[in-house]
Amino acid sequence: MEKWVVAAKKADFQGISNRFGVDPVIARLIRNREQITDEEIDTYLHGELRNLHPWKALKGIDELLNILIEKIQQKKKIRIIGDYDIDGVCSTYILFQGLKKANALADVDIPDRMKDGYGISKELIERAYEKEIDTIITCDNGISAIEQIAYAKEKNMTVLVTDHHEIPYEEKEDGSIERFLPNADAIVNPKQEGCTYPFKEICGAMVAFKVVWGLFEKRNIPLSEIEELIPIAAIATVGDVMDLVDENRILVKEGLKRIQNTNNEGLKALIRVNNLENREITAYHIGFVLGPCINASGRLSTAKRALELLLSKDTKEASVLAEDLKELNDSRKDMTVKGVERAVEIIENTELKNDRVLVVYLPECHESLAGIIAGRIRERYTKPVFVLTKGEEGVKGSGRSIEAYHMFQEMVKCRELLTKFGGHPMAAGLSMEEENIEKFRRKLNENCTLTEEDMVEKIVIDVPMPMSYVTIPLIRQLGQLEPFGKGNTKPIFAQKDIRFSNCKVFGKNRNVVKMKAQDSFGFGAECIWFGDGDEFLERLKEKDVWDVIYYPSVNSFQGRESIEMIIQNIR
């Protein structure tokens, strides 16, 4: 059962309203997103590329760039090793384009999810060594590749690491923390100790973007050349589910402005095959339409296909590649549905349903779908979830967490059971021997300190606001708060004691309901609900009066505009 709570953060809303020329409701929404000082509010509303943090603030970046420039001047062979997810593909593209513009002798290798596993591996180093590669630069991986990078150094290769993942560590018996860094020639990762970069929560593509920015400045390449990389860094930021705050929000905002007019043939083709041409593309479209197509290649085929799409210069070739990725993603959706159904069946019919941390083993499931299935199960049960699959060597899996559970820290406590692991507080990847699955499940649950309260889904209402207060100018002002996503969620409005009438179900799948809402003061509003229409109508028969969560929108029809409330939840 979900719990509805009202955000109760205080501020001088009228003062903010007057100083920034916004409605007091907008002022309240900004405060709820932890923008407190006038400087923070101004950046939130009007932040531009000039407000991005300087690349020089990243520890190790000068050292890395100096090595890189020396290798470029010496015409040494440089290989970029990325990763197979959306962030890995985008950061690989950004580094490759940047190095090419700096006249580097560069090429690319991306691990195969099934054969190579996550990030840089000994096999990838061996491949690079056979091709007489002098320097490897990683992106979106490498920070936990202690043994692999040591192996590359044994072969006298130069290794540069650019990454954003958590630094591996071990907790000692006395409670102290020992951190481990690979023996690379230079490391750029905002999470490493001693890095004074003011915002740590950037994705791998943003780190790569900063490296290229620094490279262009040092090589006197016009910064206008970095423009085309902004939409790609924005796609990675949304696709890797980074918080849309601070410079992430600015970058995504700027990327969305440019994405519809991109010169990238591959991106244009992907927009076209998903019927998004001549439409405003939002963070939602990246997260749920375009991004999954890029991710699908690394899941079910090879991520090199997605990179090939972004690198394509030919319209026809780009169209074929984009169609392929869309078909792969459609196939991935079908396989995901089956995987979720099987996982729910296992949980409901075993003792797993009593666990606070769910560990579900799906040996027949395609290993690339583990993370998506874990996310769906987490949404259903509001618990941390690990979905494990049978790999070619042992077991592989992915985890998705809830706010109250730091997944990476909890995995550290079980490290002796794992052959490989890494990730963030909210998501993780791991490998283990099959015989350790039950031990892993037991240990996670023995260590777990989650309470029942932690596992209740909370819907935080921004503003309890009567529908009668909504105007078209207010809805326009809500647009200033976009892009919405993790860390900058879409505002939630609520009103009590609503009666619904004139309900009609539309759509081929009967998944749209239009109706009239009336509050206790007699004010009426046009409303719309998206979901199972017949189920919604059956529910409405239970009561006459409902509490409602809604979001106001403008409905344009034949040149006329009217207000329509999107009903998101009722109780």
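## Regarding the pattern of salt bridges
Oppositely charged side chains are able to pair whenever their charged atoms sit close together.
Part 1 of the argument: Applying the stated rule across the entire model yields 42 salt bridges.
Part 2 of the argument: Between Glu 34 and Lys 9 there is a salt bridge; the shortest N-O distance is 2.4 Å. Of this pair, Glu 34 sits in the loop between α2 (24-32) and α3 (38-46) while Lys 9 sits in the loop between β1 (3-6) and α1 (13-20), and the two are 25 residues apart along the sequence.
Part 3 of the argument: The shortest N-O distance in the salt bridge between Asp 324 and Arg 305 comes to 3.7 Å. With Asp 324 in helix α14 (residues 315-348) and Arg 305 in helix α13 (residues 304-311), the pair connects residues that are 19 residues apart, well separated along the chain.

## Points about helix α17 (residues 437-447)
Count 3.6 residues to each turn of an α-helix, and residues three or four apart come out pointing the same way.
Part 1 of the argument: Turning to α17, its buried residues are Ile 437, Phe 440, Arg 441, Leu 444 and Asn 445. In an axial view of α17, the angular spread of the buried residues amounts to 120 degrees, which keeps them on one side of the axis.
Part 2 of the argument: Those residues of α17 that are buried lie in contact with β9 (358-361), β10 (385-390), β11 (395-400), α16 (407-412), β12 (418-423) and β13 (427-432).

## So, the pairing of strand β5 (residues 158-162)
Part 1 of the argument: Of all 5 residues in β5, 5 are buried, a share of seventy percent or more.
Part 2 of the argument: Neither face of β5 is exposed, since Thr 158, Leu 160 and Thr 162 on one face and Val 159 and Val 161 on the opposite face are all buried.
Part 3 of the argument: Summarising the sheet, strand β4 (residues 135-139) and β5 pair through 5 bridges and their orientation is parallel. The partner of Ile 137 across the bridge, within β5, is Leu 160.
Part 4 of the argument: Read as a crossover between parallel neighbours, the route from β4 over helix α7 (residues 146-154) to β5 is right-handed.
Part 5 of the argument: The pairing of β5 with strand β8 (residues 186-188) spans 3 bridges and is parallel. Note that in β8 the partner of Leu 160 across the bridge is Ala 186.

## Digging into a negative patch on the surface
Part 1 of the argument: A cluster of acidic side chains, namely Glu 123, Glu 392, Glu 393, Glu 433 and Glu 435, defines a negative patch on the protein surface.
Part 2 of the argument: Counting through the fold element by element, Glu 123 comes out in helix α6 (residues 122-130).
Part 3 of the argument: For Glu 123, a relative accessible area of 48% translates into the label partly exposed.

## Some remarks on the pairing of β9
Part 1 of the argument: In this sheet, β10 lies alongside β9 in parallel orientation, the contact comprising 4 bridges. If you follow Tyr 361 over to β10, its bridge partner there is Leu 388.
Part 2 of the argument: Once you follow β9 into helix α15 (residues 370-381) and on to β10, the crossover reads as right-handed.

## Details of the sheet that holds strand β2 (residues 77-81)
Part 1 of the argument: The sheet built from 5 strands is open, its strands ordered β3-β2-β4-β5-β8 with parallel pairing. The strands lining the two open edges of the sheet, one partner per strand, are β3 (105-109) and β8. The sheet shows a mean angle of 20 degrees between the axes of neighbouring strands, taken without regard to direction.
Part 2 of the argument: Here helix α5 (residues 86-101) sits on the sheet and contacts β2, β3, β4 and β5; the angle it forms with β4, its principal contact strand, is near 135 degrees.

## Structural notes on the sheet that holds β9
Part 1 of the argument: Taken together, the 5 strands give an open sheet; going across it, the order is β9-β10-β11-β13-β12, and neighbouring strands pair in mixed fashion. The open sheet has two free edges, formed respectively by β9 and β12, since each of these has just one partner strand. Each strand axis lies, on average, 15 degrees off the axis of its neighbour in the sheet, ignoring direction.
Part 2 of the argument: Examined bridge by bridge, β12 and β13 share 5 bridges and lie antiparallel to one another. Within β13, the position partnered with Gly 423 by the bridge is Ala 428.
Part 3 of the argument: Strands β9, β10 and β11 of the sheet are contacted by α15, whose axis makes an angle of about 40 degrees with β11.

## Examining the nonpolar core
Part 1 of the argument: Judged by nonpolar contacts, the single largest core of 87 residues is most densely connected at Leu 64, Ile 94, Leu 99, Ile 137 and Phe 209.
Part 2 of the argument: Counting residues per element, this core draws most heavily on helix α8 (residues 204-218), at 10 residues.
Part 3 of the argument: Residues within four places of Ile 94 in sequence aside, it is in contact with Ala 205, Ala 208, Phe 209, Val 212, Leu 229, Ile 232 and Ala 233.

## Topic: the packing of α1 against α2
Part 1 of the argument: Where α1 meets α2, the axes come as close as 8 Å, and the angle between the chain directions of the two elements is 105 degrees. When the axes of α1 and α2 are compared, the pair comes out roughly perpendicular. Side by side, α1 and α2 meet where Phe 13, Gln 14, Ile 16 and Ser 17 of the first sit next to Pro 24, Ala 27, Arg 28 and Arg 31 of the second.
Part 2 of the argument: Looking at the contact of α1 with α2 residue by residue, the class counts come to 4 nonpolar, 2 polar and 2 charged.

## Structural notes on the packing of aromatic side chains
Part 1 of the argument: In the structure shown here, the tally under the stated rule is 8 aromatic pairs.
Part 2 of the argument: With a centroid separation of 4.2 Å and 20 degrees between ring planes, the pair formed by Trp 529 and Phe 536 is classed as stacked.
Part 3 of the argument: Residue Trp 529 is classed as buried on the basis of its relative accessible area of 16%.
Part 4 of the argument: Under the relative-accessibility criterion, Phe 536 is labelled buried at 4%.
Part 5 of the argument: Chaining the aromatic ring pairs together yields one cluster made of Tyr 169, Phe 408 and Phe 421.

## Considerations on the state of the cysteines
Part 1 of the argument: As enumerated under the stated definition, the model contains 0 disulfides in all.
Part 2 of the argument: Of all cysteine sulfurs, the one in Cys 90 lies closest to Cys 203, which takes part in no disulfide; the gap is 8.0 Å.
Part 3 of the argument: Cys 448 forms no disulfide, and the closest cysteine sulfur to it belongs to Cys 414, at a distance of 11 Å.

What counts as what
- Residues numbered from 1 in each chain as written.
- Predicted model: local features only at pLDDT ≥ 70, side-chain atom pairs only at ≥ 80, totals over all residues.
- Heavy atoms only, no water.
- Salt bridge = Lys/Arg side-chain N within 4 Å of Asp/Glu carboxyl O.
- Helix = DSSP H or I, 4+ residues; strand = E, 2+ residues; numbered from the N terminus.
- Buried < 20%, exposed > 50% of the residue type's maximum accessible area, 1.4 Å probe, protein only.
- Arc of directions from axis to C-beta.
- Contact = heavy atoms within 4.5 Å.
- Pairing = 2+ DSSP bridges.
- Right-handed = clockwise from strand over helix to strand, strands pointing away.
- Patch = residues over 30% accessible without salt bridge, like charges linked within 9 Å, V, L, I, M, F, W, Y side chains within 5 Å.
- Areas by Shrake-Rupley, 256 points an atom, 1.4 Å probe, with all protein chains shown as cover.
- Lys, Arg positive; Asp, Glu negative; His and termini not counted.
- Charge placed at Lys NZ, Arg CZ, Asp CG, Glu CD.
- Axes fitted to C-alpha atoms, helices over the stretch in contact; angles between N-to-C directions.
- Core = buried A, V, L, I, M, F, W, Y, C linked by side-chain atoms within 4.5 Å.
- Parallel < 35°, antiparallel > 145°, perpendicular 65-115°, else oblique.
- Nonpolar A, V, L, I, M, F, W, Y, C, P; charged D, E, K, R; others polar.
- Phe/Tyr/Trp six-rings, centres within 6.5 Å; stacked < 30°, edge-to-face > 60°.
- Disulfide = S-S within 2.5 Å.

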